[in-house]
Amino acid sequence: MSEHFTLTFTASPEHIDIMGHVNNAVWVQWMEAMAGAHWAALAPAEHQAKYAWLVTRHEIDYRGNICEGESVTGETFIPDGPSGARFDRRVEFRNAAGKVIVSARTTWAMIDIASGRLMRVPPEVAAPFVAG
């Protein structure tokens, strides 16, 4: 099990769709913001300067929503070690009552910034994120 990382998000007017709640695209933006913040919080500066991540897949379950002014707590973690250049990240958003209203499994791939090419995730890069 990896280090869990949390952030709180509050729905602003620009996040709200025609149905009066957070637009699905905003949930994806929040997932990407959490992944980036998790990387920035745990990865050494030399790794952050050398490697970047891109999403290859999002699989999202929507079970609820929030409206303008309401907040959610997002939690992310990496359940298993990498497979080559890729790893899966889990994300859950909980409303004020603690109920999971949006959950996702996203797959990310590591890029060498200098070459712009996919590369196998080195153990030392994965270590801060995946225990064991």
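See the structure printed just above.
Predicted, not measured: the structure shown is a model, and the values here were computed from it.

Pulling in residues and values, what's your account of the pattern of salt bridges?
This structure, assessed with the given rule, holds five salt bridges. Here Arg 94 makes a salt bridge to Glu 92, at a shortest N to O gap of 3.2 Å. You can call Glu 92 partly exposed: its relative accessible area is 22%.

Account for the packing of aromatic side chains, with residues named and values stated.
Here a ring pair, both rings aromatic, is described through the centre-centre distance and the interplanar angle of the planes. This model, assessed by the stated rule, comprises eight aromatic pairs. Each ring, one from Phe 9 and one from Trp 30, has its centre 5.0 Å from the other, and the planes form 15 degrees; the classification is stacked. Pair noted here: Phe 9 is in strand S1 (residues 5–10) and Trp 30 is in helix H1 (residues 24–42), with a separation of 21 residues, a long-range link. Neither residue differs from the other here; Phe 9 and Trp 30 are each classed as buried. Between Trp 27 and Trp 30 the ring centres are 5.2 Å apart and the planes differ by 80 degrees, which places this aromatic pair in the edge-to-face class. Residue Trp 27 and its partner Trp 30 are located together in helix H1, separated by three residues, close to a single helical turn. Accessibility classification places Trp 27 together with Trp 30 in one group, the buried group.

Conventions we followed
- Residue indices follow the written sequence of each chain, beginning from 1 at its first position.
- Under the rules for a predicted model, residues below a pLDDT of 70 receive no local features and side-chain atom pairs below 80 are neither given nor counted, while totals for whole chains, interfaces and linings still include all residues.
- The side-chain quantities take in all heavy atoms of the structure and omit both hydrogens and water.
- In what follows, salt bridge is the name for a side-chain nitrogen of Lys or Arg lying within 4 Å of a carboxyl oxygen of Asp or Glu.
- Categorising residues by exposure relies on relative accessible area from a 1.4 Å probe, with only protein chains included: less than 20% of the type maximum marks a residue as buried, more than 50% marks it as exposed, and the intermediate range marks it as partly exposed.
- Centre distance within 6.5 Å is the pairing criterion for rings of Phe, Tyr and Trp, where only the six-membered ring of Trp is used; planes under 30 degrees apart are then read as stacked, over 60 as edge-to-face, and the remainder as tilted.
- Numbering of helices and strands runs from the N terminus; a helix is a DSSP stretch of H or I covering at least four residues, while a strand is a stretch of E covering at least two.

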